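# Summary of structural features
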Amino acid sequence: MRRTPMAGLAAGLALALAACGGGSDSKTTAQPKSGELSGRGPITFVTGKDLSGNLQKQIDTWNGQHPAEQARVIELPEDADSQRQQMVQNAQTKSDAYTILNLDVVWTGEFAANRWVAEIPKSQIDLSKFLAPTVSTSQYRDKLYAVPSVSDGGLLYYRKDLLDKAGVKQAPKTWAEMFAACDKVKALPEAKGASCYAGQFDKYEGLTVNASEVIGGAGGSVLDAGGRPSVNTPQAKQGLDFLAEGFKKGYLPKESLTYKEEEGRRAFQAGKLIFHRQWPYQYALAEKTDGSSKVAGKFAVAPLPGLNGPGASTLGGHNLAISSFAKNKATALDFIKYITGEEAERANLLATSQAPAVASLYDDPALVKQFPYLPTLKAAILNAKARPVVVKYNDVSTAIQEAAYSVITGKQTSDQALTALQTKLGTLIQP
């Protein structure tokens, strides 16, 4: 679920969660009604900040072909929490200022349950072309309320040049292997001042994703298969203890307690990190040779490590939905078909390195040659732990953030924090 160009982050290991924030209880929230998608004319596309500049190029192409149905981008802040807040405020006032909403995958259920977005007839969208996990995030109660736009899976970025020089022949598959590799690399003069590992550890949605991934990486989960809280377990404790011990022993830098996606990206590109948990969008930016990255040509990516072997990513990504209060819904649907088409998704991958939702692009030889991480990314997405839809998602996510942050900052033990979290989630989640 990313928050920037979309942002990443996140069942099983994932936070039991999915799209929702402090809305009404799932037992009392009425199911959204299906409405006709009618009306043609100008539209707005509301999204997080576009760091690549590619979105405007795609908008310009649309506008050149649709002079009477012009699209305009409305950019919101970089972080996901602020984006959601502004979208919710707009919906609560029933404003028609926002037409198409670029929703984090964990918000689909909340926006659908509250009737803030319109149902999209499944007959209008070829869902078979998308990666199966992305389709599941765009539905609520078996009805379609959004269309997959980009997917996301967490990857381990690492300084391959430094590992090679230190005699570490392959990317680590476990947390212990990662820390052992750091010990070898930090003995090199070239690694002076570099920290071992960082992710997204500030108290926001990114911490929910990272906490869920380490819990899953130890074999645990936030919810069990029946949708009940399952965090007060030895596995969940091992996951959070990995982060807590990393901070205590200096493998994780203290400043990463303030890292969201962009702060970590800048640190990695400045050569300050040996390993970095990050979304795919970082790849293109870190490979730039315009002087903005000191690690261009020096890094590689691998699956996230776990306790005893490879871990699993939380499923992230973004879906495009149509505001229930928008005037020109027919135009909005046509625009969504355009920007989620294979041609536009290919162009977006080439410009941003974001994970496409269209499955065929991962197997395109030319794209794999340019983006060698695509097979790893596809596997990460297909094996990612999806966040189930809960109406009070925002409250659930906040509870996870607070528990995880208290552990990694040393204010509580993992046993104390997870015991309290188990109780808190029990009051928020109705299976």
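Residues numbered from 1 in each chain as written. Predicted model: local features only at pLDDT ≥ 70, side-chain atom pairs only at ≥ 80, totals over all residues. Heavy atoms only, no water.

What follows is about the pattern of salt bridges. Under the definition given, this model contains 18 salt bridges. Across the pair K165 and E190 runs a salt bridge, and its minimum N-O distance is 2.1 Å. Note that K165 is positioned in helix α5 (residues 160-165) and E190 in the loop between α6 (175-185) and β8 (195-198), a separation of 25 residues in sequence. Using a relative accessible area of 53% as the deciding quantity, one classes K165 as exposed. Residue K237 is joined to D415 by a salt bridge in which the shortest nitrogen-to-oxygen separation is 2.6 Å. Taken together, the positions of K237 in helix α8 (residues 234-248) and D415 in helix α16 (residues 414-428) put the pair 178 residues apart, joining distant regions of the chain. (Salt bridge = Lys/Arg side-chain N within 4 Å of Asp/Glu carboxyl O. Helix = DSSP H or I, 4+ residues; strand = E, 2+ residues; numbered from the N terminus. Buried < 20%, exposed > 50% of the residue type's maximum accessible area, 1.4 Å probe, protein only.)

For the pair helix α7 (residues 205-217) and α8, interaxial distance at closest approach is 7 Å and the crossing angle is 120 degrees. Classified by the angle their axes make, α7 and α8 are oblique. As for the relative orientation of α7 and α8, their crossing is right-handed in sense. Where α7 approaches α8, its residues A211, V214 and I215 are matched on the opposing element by Q235, A236, G239, L240, F242 and L243. When the residues that make up the contact of α7 with α8 are grouped by side-chain class, the tally is seven nonpolar, two polar and no charged. (Axes fitted to C-alpha atoms, helices over the stretch in contact; angles between N-to-C directions. Parallel < 35°, antiparallel > 145°, perpendicular 65-115°, else oblique. Left-handed = near helix turned anticlockwise from the far one by under 90°. Contact = heavy atoms within 4.5 Å. Nonpolar A, V, L, I, M, F, W, Y, C, P; charged D, E, K, R; others polar.)

Here the focus is empty space enclosed by the protein. A probe matching the size of a water molecule, rolled over the atoms, marks out where space remains unfilled. Estimates place the volume of the second largest cavity at around 120 Å³. If you go around the second largest cavity, you meet 13 residues; those closest to its centre are W175, Y197, V214, L304 and P305. Taken together, the elements giving at least two residues each to the lining of the second largest cavity come down to α6 and α7. When its residues are assigned to classes, the lining of the second largest cavity shows eight nonpolar, three polar and two charged. (1 Å grid on protein atoms, 1.4 Å probe; cavity = no way out; pocket = protein on both sides within 12 Å on 5 of 7 lines; lining within 4 Å. Points joined across faces, edges and corners; volume = space filled by probe spheres on them.)

What follows is about the nonpolar core. For soluble globular proteins, nonpolar side chains are generally found buried alongside one another. One finds Y197 and F275 to be the most contacted residues of the largest nonpolar core, which totals 55 residues. Residues within four places of F275 in sequence aside, it is in contact with L156, Y157, Y158, L163, P172, M178, A181, C182, C196, Y197 and A198. In terms of nonpolar packing, the next biggest core, distinct from the first, is built from 52 residues, F45, Y157, L361 and L367 among them. (Core = buried A, V, L, I, M, F, W, Y, C linked by side-chain atoms within 4.5 Å.)

Counted according to the given criterion, the structure contains 19 aromatic pairs. Aromatic side chains W175 and F242 sit 4.2 Å apart centroid to centroid with 5 degrees between the ring planes, which places their arrangement in the stacked category. Taken together, the residues W175 in helix α6 and F242 in helix α8 connect sequence positions 67 residues apart. With respect to class, W175 is no different from F242; both count as buried. A centroid spacing of 5.3 Å and a plane angle of 70 degrees characterise the contact between Y283 and F299, whose relative ring orientation is edge-to-face. Taken together, the residues Y283 in helix α10 (residues 282-286) and F299 in the loop between α10 and β10 (300-302) connect sequence positions 16 residues apart. Residue Y283 is classed as buried on the basis of its relative accessible area of 10%. Feature note: the residues W175, F179, Y197, F201, F242, F247 and Y251 constitute an aromatic cluster, connected by ring pairs. One residue, K260, lies across the ring of Y204, its end atom 5.4 Å from the ring centre. Against the face of W279 rests R277, its NZ or CZ located 4.2 Å from the ring centre. (Phe/Tyr/Trp six-rings, centres within 6.5 Å; stacked < 30°, edge-to-face > 60°. Lys NZ or Arg CZ within 6 Å of the ring centre and 35° of its normal.)

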